[in-house]
Amino acid sequence: YQFSVISDLYFGLSYNKYLHRLHDQNVPIEGSGDGFDLGMIWDTEFVDFSFVARNILPASVKYNDTDNSEEPLSRELSGAAMYQYEDLSLYGQVRYKWRKFLPAVAVSYRPFFMPIIQVNGGYKQRIEATSTGHKKSNGYTMGLGLYLYDLQVHYAFEKCDHPEYDNKSYISLSLNF
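Summary of the structure given here.

Calculation criteria
Residues numbered from 1 in each chain as written. Predicted model: local features only at pLDDT ≥ 70, side-chain atom pairs only at ≥ 80, totals over all residues. Heavy atoms only, no water. Helix = DSSP H or I, 4+ residues; strand = E, 2+ residues; numbered from the N terminus. Phe/Tyr/Trp six-rings, centres within 6.5 Å; stacked < 30°, edge-to-face > 60°. Lys NZ or Arg CZ within 6 Å of the ring centre and 35° of its normal.

**Considerations on unusual backbone geometry**
Glycine aside, a negative phi is what most residues show, and trans is what most peptide bonds show.
Item 1. Backbone geometry places Glu 86, a non-glycine residue, at a positive phi of 55°.
Item 2. Mapping Glu 86 onto the fold places it in the loop between strand E7 (76-85) and strand E8 (88-97).
Item 3. Its identity is not glycine, yet Arg 99 carries a phi of approximately 65°, on the positive side.
Item 4. Mapped onto the elements of the fold, Arg 99 is located in the loop between E8 and strand E9 (100-109).

As C-alpha cells, this is what we get:
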C-alpha cells in the first residue's frame, strides 16, 4: 500500500510471505514466515531521498525439519539519496543490518549526444553469514544499458571478494507499451 502525504512525500507499507524449500537426502524441508516493510520517498528539487525499514515486526521462518528449527528474519534499515546533474546520476546508500553499517555508492552516465547508451558502475559492502557469525565483503559492479525505442536491455557484471559469489552476470529486458 502506498500513499502521498504532500505532493513530493510518499509512504508505503508491504506485507511479505516467505516460503523456503530445501532438499536434503531426498527429505524435503519447508519453512514459511511473514514480514512487514515500511518505506518512504521524498523528491526534492535537487536530491531524491528514500528510507526503508525491513521486517519491522519481529519475524522468523519456521522449518518443518526434525528439530522444528526457526530462523529469525533480520531487521534492516536503509537510507539512500540520488543526485542528478545533467547526464550524470550519483547514488549513495547506507544499510544497517546485523549491527553493521554497509555503504554503497554508484554512478550512472547517459550522454545527451548518444541517449541510447547508459554506463553504470558501483561498489557495495554486504554482510555474509559464516560459521562464527557475520562478516563484511565487498562487491563491485559495471554495467551497460541500451535504450532502443520501447525496448531496454541492461547488462551488469559483478565482481565480489567472497569466493562463493565470484563473477556474476545479470541481464534484464524491459518493454514499454
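Picking up where we left off.
**What to know about the packing of aromatic side chains**
Item 1. As enumerated under the stated definition, the model contains six aromatic pairs in all.
Item 2. Ring geometry for Tyr 123 versus Tyr 140: centroids 5.3 Å apart, planes at 45°, classification tilted. Remark: Tyr 140 occurs in strand E11 (residues 133-148) and Tyr 123 occurs in strand E10 (residues 117-130); sequence separation between them is 17 residues.
Item 3. Above the ring of Tyr 147, the side-chain terminus of Arg 110 is found at 3.5 Å from the ring centroid.

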